[in-house]
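As a plain string of letters, each chain reads:
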Amino acid sequence: MTSPLIPPRTLFRFAAPCRYRDALWSAAGADLDESYRLPNLAALDGSRDYADVRAAWNEKGLVFAIRVSGKRRAPFCDERKLTESDGLQLWIDTRDTHNVHRASRFCHRFVCLPYGAGRKRDEPIADQQLINRARENARPVRPQDLRCKSEQRVDGYLLQFCLPADALTGFDPVEHPRLGFNYLVQDQELGQQTFSAGGELPFDEDPSLWGTLELAR
């Protein structure tokens, strides 16, 4: 059977609920149960998902948790090559605009890696990245304003990432309860997993290719 010329996911616009949570982050991180899991859309393209991705929100920001399993090798994480490393990348548009092809100041890109920081390079890394061809960049965010936590597992890792509201230009859950959204879980051993458009299309710079997160209570 030949592969389709157009990936099936590009034929639809996806929206998924992101559930409210009173406490986003604590000393132990973010423990999101299964009710916060985002749907697996990779199956529509005939791909398998190796990462369990969960998300929650409240007025103070957003939190994400991913569980990567099925690995036989340690993740590749290099603080000098953030976007090439194994880990989580997020694209968030606080205005959920799908009729433009270049990012606005409401569009954000973040990277979170399970390892790579610290003297032993065994601590997680989180940082903001510029979006290529953006008409205007989002407000700069300092890495120390982002929160992340990772745990090594036998066949992978657990990674938790918190984005405070101040890190998201235009974040206003009351007036704008829908967010343009895509994620990329990248792994040199297991491949790529995305929420909406995949690597065949320039989703890393084109907001029209992102899905939607609905901030639900």
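First, a word on what this report is: a plain description of the structure on this page. (Residues numbered from 1 in each chain as written. Predicted model: local features only at pLDDT ≥ 70, side-chain atom pairs only at ≥ 80, totals over all residues. Heavy atoms only, no water.)

Broken down by element type, the protein carries zero helices and eleven strands. Helices (α) and strands (β) of the protein occur, in sequence order from the N terminus, as β-β-β-β-β-β-β-β-β-β-β. Computed over C-alpha atoms, the radius of gyration of the protein comes to 16 Å, within 12% of the 17 Å expected from 2.2 N^0.38 for 217 residues, which places it in the range of a compact globule. If one aligns the C-alpha atoms of the protein with their principal axes, the spans along those axes are about 45 × 45 × 35 Å. Out of the 217 residues in the protein, the part that is buried amounts to 51%. Charge centroids of the protein, computed over 30 positive and 31 negative side chains, lie 2 Å from each other. (Helix = DSSP H or I, 4+ residues; strand = E, 2+ residues; numbered from the N terminus. Rg over C-alpha atoms; globule rule 2.2 N^0.38 Å. Buried < 20%, exposed > 50% of the residue type's maximum accessible area, 1.4 Å probe, protein only. Lys, Arg positive; Asp, Glu negative; His and termini not counted. Charge placed at Lys NZ, Arg CZ, Asp CG, Glu CD.)

Considered as a void within the structure, the largest pocket measures approximately 160 Å³ in volume. The class makeup of the residues in the lining of the largest pocket is five nonpolar, one polar and four charged. (1 Å grid on protein atoms, 1.4 Å probe; cavity = no way out; pocket = protein on both sides within 12 Å on 5 of 7 lines; lining within 4 Å. Points joined across faces, edges and corners; volume = space filled by probe spheres on them. Nonpolar A, V, L, I, M, F, W, Y, C, P; charged D, E, K, R; others polar.)

What follows is about the side chain of H108. Looking at the secondary structure, you find H108 in strand β5 (residues 107-117). Looking at H108, its side chain comes within polar contact range of the main-chain oxygen of F106, at 3.0 Å. Polar side-chain contacts of H108 include one of 2.8 Å to the backbone nitrogen of T169. (Polar contact = N/O pair within 3.5 Å; in protein donor to acceptor, adjacent residues only side chain to side chain.)

Moving on, we come to the side chain of Q89. Within the secondary structure, Q89 is located in strand β4 (residues 87-93). Residue Q89 is classed as buried on the basis of its relative accessible area of 2%. Only 2.6 Å separates the side chain of Q89 from the side chain of R109, close enough to count as a polar contact.

A few words now on the pairing of strand β1 (residues 15-20). Here β1 runs beside strand β11 (residues 211-216); their pairing, made up of five bridges, is parallel. Its bridge partner lying in β11, A15 is registered against T212. Judged from the two bridges that link them, β1 and strand β2 (residues 51-58) form a sheet pairing that is parallel. Looking across to β2, one finds that R19 is bridged to A56. (Pairing = 2+ DSSP bridges.)

Another point: the packing of aromatic side chains. What the rule picks out here adds up to seven aromatic pairs. With centroids separated by 5.2 Å and ring planes inclined at 80°, the aromatic side chains of W91 and F203 adopt a geometry described as edge-to-face. Placement of the pair is W91 in strand β4 and F203 in the loop between β10 (191-194) and β11, with a sequence separation of 112 residues. By the burial criterion, W91 is buried, and F203 matches it. Ring centres 6.2 Å apart and planes at 40° place the aromatic pair Y183 and F195 in the tilted group. Of this pair, Y183 sits in strand β9 (residues 178-187) while F195 sits in the loop between β10 and β11, placing them twelve residues apart in sequence. Looking at F195, the relative accessible area reads 1%, which means it is buried. A network of ring pairs unites the aromatic residues F64, F181, Y183 and F195 as a single cluster. Its end group placed over the ring of Y20, R217 keeps NZ or CZ at 4.3 Å from the ring centre. (Phe/Tyr/Trp six-rings, centres within 6.5 Å; stacked < 30°, edge-to-face > 60°. Lys NZ or Arg CZ within 6 Å of the ring centre and 35° of its normal.)

Turning our attention to the pairing of β9. Judged by how many residues are buried, β9 sits mostly within the fold: nine of ten residues are covered. Inspection of the sheet shows β4 paired to β9 by seven bridges, in the antiparallel sense. Each bridged residue has a counterpart across the sheet, and for G87 the counterpart in β9 is Q186. With four bridges connecting them, β9 and β11 associate as antiparallel partners. Looking at β11, one finds that F181 is bridged to G211. Here β9 pairs with β10 via four bridges, running antiparallel. Among the inter-strand pairings, D187 is bridged to a residue of β10, identified as G191. Taken together, β9 and the strand that follows it, β10, pair antiparallel across an intervening segment of three residues.

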